[in-house]
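# Summary of the model geometry
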Amino acid sequence: MDMADRLVADGYKEVGYEYVHIDDCWMAEERDNKTGRLVADPARFPRGMKALADYIHSKGLKLAIYEDFGSKTCAGYPGSEFYLMTDANTFAEWGIDMLKFDTCNNNHDDLNYGFPAMEIFLNNTGRPILFSCEWPHALPTPDYAAVRKSCNMWRVYRDVEDSWDTVTDIINFYAQNKEWFSNYTGPGGWADPDMLVVGDFGLSDSQQKAQMAMWAMFSAPLLMSVELRNIDPRAKALLQNKNVIAINQDPLGNQAIKIYQFPGTQVSVWLKRLFAEGSFALAFLNINGGGGFTPCQTTLFFLGLRNTNGYNVTEIFENVPFGIYKPTDKFLVNVFPSSIVFLKAVPL
């Protein structure tokens, strides 16, 4: 309830954040012995989930909840195995707006049947419930077409931790683009690299900017994992940066791909096609953890931008001019350690 209050009072709702998400451990250790239904932990949620959902909705927000396809959740609470329809109906009656569905404590051979089954049961409730699936990252070779058919968003890789190493590990996974999973991201379905750790303790300011920019480039769901009651003002400003959010929420919903690695450096270049015809977002990411800046010279033509009239290029974080460039004009970016240069190119 406090987080919902903060989302509204502190401007997060205004820029688009709308879900309050409860993760594992919210429920009692046993189901109701008469109805078989899930029960909220009476100490943590003494008024139950329906009352919480009503409060969240009164703020113009939505409530998200967690469950698991297996016999138990990852933390050992009751899972949905053999209770899929019961749990879907329970969530709908409580007024839940989003379900994160995990993959612990089950036979992974069943996942390709269980997640589509839960989709059916959720849809049969008649309540719009965003379906967030952990399905792909539990399998060695996911069928992303099937995942997209049943899920609204899907985790593709490991859990993020509050460290630069795990953030860059996730980014490197996106760089590999296994099974070309980037092809399945777009309106109605989104690859999920896991939460933002902006405002927590493990990243420097420049690393936080890099994560925020790369998640925007991925068209990723932006899920904050920060204590909003005492957030650092710089992290708050970054999470609410409308220029970055606009790249994340671009209507085309394209997922950026890595197009180049500067030789002998740890600077990679990422390209995201935008909805406005001929426009692109460009990210120059340096995952190197020390030393001075890395100078990187290139042309827009080399990076795939071929409009003969040229481009108006702006820096995205501050929305300041970077320059006017013809496709073959050379330009230089200095990318500092564990940092990013984030640009938007609009054709003239």
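Provided above is the structure to which this section pertains.
My aim in this report is to walk through the structure given alongside it, one point at a time. Nothing here was measured: the structure is a model prediction, and the numbers come from that model.

One open sheet holds the six strands; their spatial order is 7-8-9-14-11-12, and the pairing between them is antiparallel. In the strand order of this sheet, the two ends are held by strand 7 (257–261) and strand 12 (320–325), each with one partner. Going from strand to strand, the sheet's axes swing by 25 degrees on average, the running direction of each strand aside. Pairing of strand 11 (residues 311–315) with strand 14 (residues 339–347), which is carried by five bridges, proceeds in the antiparallel orientation. Looking at the pairing, V313 lines up with A345 of strand 14. Relative to the sheet, helix 8 (residues 205–217) contacts strand 8 (267–273), strand 9 (280–286) and strand 14, its axis offset from that of strand 14 by approximately 40 degrees.

Attention now goes to the sheet that holds strand 5 (residues 153–155). Pairing between the strands of a sheet comes from backbone hydrogen bonds, and it takes one of two forms, parallel or antiparallel. A sheet is described by the order of its strands in space; here six strands give the open sequence 1-2-3-4-5-6, paired in parallel fashion. Looking at strand neighbours, the two that pair on one side only are strand 1 (19–21) and strand 6 (190–192), the edges of this open sheet. With direction set aside, neighbouring strand axes in the sheet form an average angle of 25 degrees. Across two bridges, the pairing between strand 4 (residues 130–133) and strand 5 is parallel. If you follow C133 over to strand 5, its bridge partner there is W154. Sitting on the sheet, helix 3 (residues 48–58) touches strand 1 and strand 2 (62–68), and the angle it makes with strand 2 is about 145 degrees.

This part covers the side chain of R31. Relative to the assigned elements, R31 resides in the loop between strand 1 and helix 3. Residue class for R31 comes out buried when judged on its relative accessible area of 14%. Among the polar contacts listed, one links the side chain of R31 to the backbone oxygen of G79, at a separation of 2.6 Å. In contact with R31, not counting residues within four places along its chain, are G36, R37, L38, V39, E67, P78, G79, S80, Y83 and D87.

The next subject is the nonpolar core. Within the largest apolar cluster, 87 residues are counted, with the highest numbers of intra-cluster contacts made by W26, W215, W270 and F342. In terms of residues, this core owes the most to one element, helix 8, which gives seven residues. Core analysis: the next-biggest nonpolar cluster, separate from the first, contains 20 residues, F284, V313, F331 and V335 among them.

On to the side chain of T298. Along the chain, T298 turns up in strand 10 (residues 294–299). Apart from residues no more than four positions distant in its own chain, T298 is found in contact with F262, F284, L303, D329, K330 and F331.

With that settled, the discussion passes to the pairing of strand 11. Burial analysis of strand 11 places four of its five residues in the buried class, the great majority of the element. One ladder, built from five bridges, connects strand 11 with strand 12; its direction is antiparallel. By the bridge assignment for strand 12, Y311 is matched with Y325. Two successive antiparallel strands, strand 11 and strand 12, enclose a turn made up of four residues, where N319 displays a positive phi of approximately 55 degrees.

Criteria and cut-off values
- Residues numbered from 1 in each chain as written.
- Predicted model: local features only at pLDDT ≥ 70, side-chain atom pairs only at ≥ 80, totals over all residues.
- Heavy atoms only, no water.
- Pairing = 2+ DSSP bridges.
- Helix = DSSP H or I, 4+ residues; strand = E, 2+ residues; numbered from the N terminus.
- Axes fitted to C-alpha atoms, helices over the stretch in contact; angles between N-to-C directions.
- Contact = heavy atoms within 4.5 Å.
- Buried < 20%, exposed > 50% of the residue type's maximum accessible area, 1.4 Å probe, protein only.
- Polar contact = N/O pair within 3.5 Å; in protein donor to acceptor, adjacent residues only side chain to side chain.
- Core = buried A, V, L, I, M, F, W, Y, C linked by side-chain atoms within 4.5 Å.

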